[in-house]
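# Working through the structure, step by step
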Amino acid sequence: MAKSTLRKVTMALLAPAMAIGATVGLASAPASAAVWSSCAQYGSTSLNGYTLYNNIWGSGAGSQCIWANSGTNWGVWADHPNTGGIKSYPNATKAINKSVTSLGSLSSSYNVTVPSSGAYETAYDIWDTNHRYEIMLWMNKTGAVGPLGTSQGNVTLGGHSWTVYKGTNGSNDVFSFVRTSNSSSGTVDVLPILKWIKDTKGWFGNVTIGDVQFGFEITSSSGGLNFTVNSESVSSS
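Residues numbered from 1 in each chain as written. Predicted model: local features only at pLDDT ≥ 70, side-chain atom pairs only at ≥ 80, totals over all residues. Heavy atoms only, no water.

Okay, the overall build of the protein next. For the protein, the helix and strand inventory stands at 3 helices and 15 strands. In the protein, buried positions account for 54% of the 237 residues. Put simply, of all contacts in the protein between residues at least 6 apart along the chain, 68% involve residues at least 24 apart. About 9000 Å² of surface is accessible on the protein, with carbon and sulfur atoms providing 48% of the total. (Helix = DSSP H or I, 4+ residues; strand = E, 2+ residues; numbered from the N terminus. Buried < 20%, exposed > 50% of the residue type's maximum accessible area, 1.4 Å probe, protein only. Contact = heavy atoms within 4.5 Å. Areas by Shrake-Rupley, 256 points an atom, 1.4 Å probe, with all protein chains shown as cover.)

This is the structure we're talking about:
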């Protein structure tokens with residue numbers, strides 16, 4: 001399925017804000033008042049070193065609202081129709097801006113609560129600074145969703161077992177690591193994955209890693225579904 005490289009970075013900066021489903025969406029935020037919420041199409045804010053994006057980018061999207069208690073505790077209510085194509089990628093972004101060889105460590109922990117219906121995946125999206133390469137880590141998936149490209153086989157890296165896919169969306173190469181079983185919490189060691197791509201497979205050189213994003217790539221959530229990041233952290237040295 002086609003992906004847009006602009007959806008998570010450039011469009012969030014360039015596209016005009018657009019209010020969508022404000023009344024319904026904000027009502028679904030947690031009882032304790034969130035410090036920030038938005039139903040704007042590309043609503044964003046920065047909290048505790050993370051930038052949050054509502055990021056409704058796909059065609060045929062419905063309503064979606066994001067709320068946050070902090071940069072690492074946030075969630076989304078989304079009501080997207082049961083049609084094909086990705087509708088949104090609400091996420092929290094942490095800037096890294098270090099080359100693969102200069103990184104001493106890069107890891108992340110995650111704890112999410114996700115619905116049992118709909119079509120989506122919970123995923124990291126990691127970009128180099130030139131946006132030539134996109135590395136996706138799918139921690140769980142539900143419904144009719146699948147990665148770009150063709151299977152490259154299975155590998156165990158960073159504390160998880162994955163099926164690896166290699167493809168392109170016409171603008172950049174996409175390397176997708178799909179966990180062989182769903183996980184809603186844990187820790188992933190990202191640096192060995194990047195080194196495997198660079199050194200073992202030779203799919204890129206000593207690129208500079210720009211952003212590590214974590215969120216929910218939603219294809220459908222008809223009737224309104226809640227997605228919650230109970231906690232998350234990205235650390236590097």
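Here the narrative resumes.
Attention shifts here to the sheet that holds strand β13 (residues 185–189). Reading across the sheet, the 6 strands line up as β1-β4-β5-β15-β7-β13 and stay open at both edges, with antiparallel pairing between neighbours. Looking along the sheet, the strands with just one partner apiece sit at the ends: β1 (36–38) and β13. Going across the sheet, the axis of each strand differs from the next one's by a mean of 20°, ignoring polarity. Direction of pairing for strand β5 (residues 73–79) relative to strand β15 (residues 225–236): antiparallel, over a ladder of 5 bridges. Among the inter-strand pairings, Gly-75 is bridged to a residue of β15, identified as Thr-228. This element, helix α3 (residues 190–201), spans β7 (106–113) and β13 of the sheet and lies at about 45° to β13. (Pairing = 2+ DSSP bridges. Axes fitted to C-alpha atoms, helices over the stretch in contact; angles between N-to-C directions.)

The backbone of Asn-55 shows a phi angle near 55°, a positive value even though the residue is not glycine. The phi angle at Asn-97 is positive, at roughly 55°, despite the residue not being glycine. Looking at the element boundaries, Asn-97 is found in strand β6 (residues 91–99).

We now examine the packing of aromatic side chains. Two aromatic rings are characterised by how far apart their centres lie and by the angle between their planes. Scanning the model with the defined rule gives 13 aromatic pairs in all. Summarising the aromatic geometry, the rings of Tyr-120 and Phe-227 are spaced 5.1 Å apart at their centres and angled 85° between planes, so their arrangement reads as edge-to-face. Of the two residues, Tyr-120 sits in strand β8 (residues 119–128) while Phe-227 sits in strand β15, which places them 107 residues apart along the sequence. Its relative accessible area of 0% is what places Tyr-120 among the buried residues. Summarising the aromatic geometry, the rings of Trp-162 and Phe-177 are spaced 6.2 Å apart at their centres and angled 85° between planes, so their arrangement reads as edge-to-face. Within this pair, whereas Trp-162 is found in strand β11 (residues 160–168), its partner Phe-177 is found in strand β12 (residues 173–179), the two being separated by 15 residues in sequence. Among the aromatic residues, ring-to-ring pairing joins Tyr-133, Trp-162, Phe-175, Phe-177, Trp-196, Trp-203 and Phe-204 into one connected group. (Phe/Tyr/Trp six-rings, centres within 6.5 Å; stacked < 30°, edge-to-face > 60°.)

What follows concerns the sheet that holds strand β3 (residues 50–53). Read from one edge of the open sheet, 9 strands run β2-β3-β6-β14-β8-β9-β12-β11-β10, paired in mixed fashion. Because the sheet does not close on itself, it has two edges, and the strands there are β2 (44–47) and β10 (150–157). Each strand axis lies, on average, 25° off the axis of its neighbour in the sheet, ignoring direction. Pairing of strand β9 (residues 133–142) with β12 involves 6 bridges; the strand directions are parallel. When the bridges of β12 are listed, Glu-134 appears paired with Val-174.

We now examine the confidence of the model for the protein. Per-chain confidence: the protein averages 90 in pLDDT, with 86% of residues scoring 70 or above. Here residues 1–27 is modelled with pLDDT under 50, and outside its nearest four sequence neighbours on either side it reaches 66 contacts, counting other chains as well. (pLDDT = per-residue confidence, 0-100.)

Here α3 spans 16 Å end to end across 12 residues, near enough to the 16 Å set by a 1.5 Å rise per residue. For α3, the set of buried residues is Val-190, Leu-191, Ile-193, Leu-194, Trp-196, Ile-197 and Lys-198. Phi turns positive, to about 70°, at Gly-202, one or two residues after α3. (Expected span 1.5 Å × (residues − 1).)

Moving on to the environment of Gly-224. Secondary-structure assignment places Gly-224 in the loop between β14 (208–220) and β15. As a C-alpha pair, Gly-224 and Gly-118 span 106 residues in sequence and 9.4 Å in three-dimensional space.

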